[in-house]
Amino acid sequence: MSKRDYYDVLGVSRTAEVTEIKTAYRKLAIKFHPDKNPGDKEAEDKFKEAAEAYEILSNSEKRARYDQFGHAGNSASGYGGGGMNMDDIFSQFGDIFGGGNPFESFFGGGGGRSGGRRVQRGTNLRIKVKLTLEEIAKGVEKKVKVNKQVVCHTCSGTGAKDKSSYHTCNTCGGSGSVRRVTNTILGQMQTTSTCPTCNGEGVEITAKCTTCKGDGLERGEETISINIPAGVSEGMQLSMSGKGNAAPRGGIPGDLIILVEEVPHESLKRDGINVIYDLYINFADAALGTSVEIPTIDGKAKIKIDPGTQGGKILRLKGKGLPEVNSYHKGDQLVYVNVWTPKTVSKEEKELLEKLKGSANFKPQPGKSEKSFFERIKEYFE
Ligand SMILES: [Zn+2]
Ligand SMILES: [Zn+2]
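Here is a short report on the structure shown in this document. This one's a predicted model, so the numbers in the text were calculated from it and none came from an experiment. (Residues numbered from 1 in each chain as written. Chains lettered and ligands numbered in written order. Predicted model: local features only at pLDDT ≥ 70, side-chain atom pairs only at ≥ 80, totals over all residues. Heavy atoms only, no water.)

### A short note on the pattern of salt bridges
Here is step 1 of the chain: Summed over all chains, the structure comprises 25 salt bridges.
Here is step 2 of the chain: Of the charged contacts, one joins Lys 128 and Glu 261 as a salt bridge, the two residues approaching to 3.8 Å between their closest N and O atoms. Taken together, the residues Lys 128 in strand S1 (residues 125-131) and Glu 261 in strand S9 (residues 256-262) connect sequence positions 133 residues apart.
Here is step 3 of the chain: Glu 261 sits in the buried class, given a relative accessible area of 18%.
Here is step 4 of the chain: With its nearest N and O atoms 2.8 Å apart, the salt bridge here joins Arg 316 to Asp 332. Of this pair, Arg 316 sits in strand S14 (residues 314-317) while Asp 332 sits in the loop between S14 and strand S15 (333-340), and the two are 16 residues apart along the sequence.
Here is step 5 of the chain: With a relative accessible area of 7%, Asp 332 lands in the buried category. (Salt bridge = Lys/Arg side-chain N within 4 Å of Asp/Glu carboxyl O. Helix = DSSP H or I, 4+ residues; strand = E, 2+ residues; numbered from the N terminus. Buried < 20%, exposed > 50% of the residue type's maximum accessible area, 1.4 Å probe, protein only.)

Written as structure tokens, this is what we have:
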């Protein structure tokens, strides 16, 4: 279908001012409004065509593109192809009709277009999930029993006592909305509003379910299996759509919001995607070198301590940290080497230390190979 010129559609000149364009569109929108022309496909097409022309010509950038390139100029924004959808068109109206929008009742005052049945939504449910560092490292499936509002088992969520007390609303015929003709400044208009009998739900209940007293809900438990991705951290929120509280009378259930809590590890500390371990070795091992077993997230690991290791050295175990969420990138484990100084010494130990104290090798002689505190810190953050 080839498109008509937007200026022709609105019946304005190529030099028309925005106010003129607005007035022209307002007239067409009222003339071809679907609620004024029910079932008239041609009117609907004209309504859409006018809305699209207005959308482009009322925007100086889009209008300039259109003037220069024709319909192709705005094809990237979707108007070159399939045109606008009804929701887009209706959302324009606040702009062109201002506060005194005569179409207000068509759209239920901003809550979307009325006409469809009103569907209630269940509330969101919040839970906390405690995770160990090991679980965070690999990701985990947690089965959690939650206490929540569930669909009433007696009435299957309908809220009715039995089949005979549940039927389609007579006032609106089940559509949830009623139409009436009103006089407005723009002439006689047919307006749609929420059905007062069923409150827009489309069904009428003559006798309520005694278990739930009509709302179709009861307290219950559900065991929900939650897939926690690897790399999450304290305070992060995950959400599972539709796993929250059930909605009254068969509506859409709310979401389950899962708040992540970290259980502190007994010997490892988390720092972003890195894991820190504070290692203490004795002075003799630092001088002579040794190999020690340390904890990591994947279990124990053996590391080598070189002879002559100074306290404050940081060893880096590549890839032994935590993964980033939704990424293959992994952090490291950093081993901070502390040389333990005895807090008390026996008489014999004291004598030995006194002897060693005078030895030339025991005099601190920091050389070029010894990294300064600041260099170590810098290296750590790299
Ligand atoms: Zn009704
Ligand atoms: Zn019930």
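Next comes the rest of the write-up.
### Points about the pairing of S1
Here is step 1 of the chain: Along S1, the buried face is formed by Leu 125, Ile 127, Val 129 and Leu 131; none of Arg 126, Lys 128 and Lys 130, which line the opposite face, is buried.
Here is step 2 of the chain: Bridge analysis of S1 against S9 gives seven bridges, and the strand direction is parallel. Residue pairing across strands places Ile 127 opposite Ile 258, the latter belonging to S9. (Pairing = 2+ DSSP bridges.)

### So, the side chain of Arg 63
Here is step 1 of the chain: Tracing the backbone through its elements, the reader meets Arg 63 in helix H4 (residues 60-69).
Here is step 2 of the chain: An unpaired buried charge is present at Arg 63: no salt bridge exists, and Asp 67, the closest side chain of opposite charge, is 4.3 Å distant.
Here is step 3 of the chain: One polar contact links Arg 63 to Tyr 7, side chain to side chain, over a distance of 3.0 Å.
Here is step 4 of the chain: Setting aside residues no more than four positions away along its own chain, Arg 63 makes contact with Tyr 7, Arg 14, Thr 15, Ala 16, Ile 21, Ile 56 and Leu 57. (Lys, Arg positive; Asp, Glu negative; His and termini not counted. Polar contact = N/O pair within 3.5 Å; in protein donor to acceptor, adjacent residues only side chain to side chain. Contact = heavy atoms within 4.5 Å.)

### Observations concerning the coordination of the zinc ion (ligand 1)
Here is step 1 of the chain: Summarising the metal site, the zinc ion (ligand 1) is bound by the protein donors Cys 169 (SG), Cys 172 (SG), Cys 195 (SG) and Cys 198 (SG), whose distances to it range over 2.2 to 2.3 Å.
Here is step 2 of the chain: Along the chain, the residues donating to the zinc ion (ligand 1) fall in the pattern C-x2-C-x22-C-x2-C. (Donors = N, O, S within 2.8 Å, 3.2 Å for Na, K, Ca; no water.)

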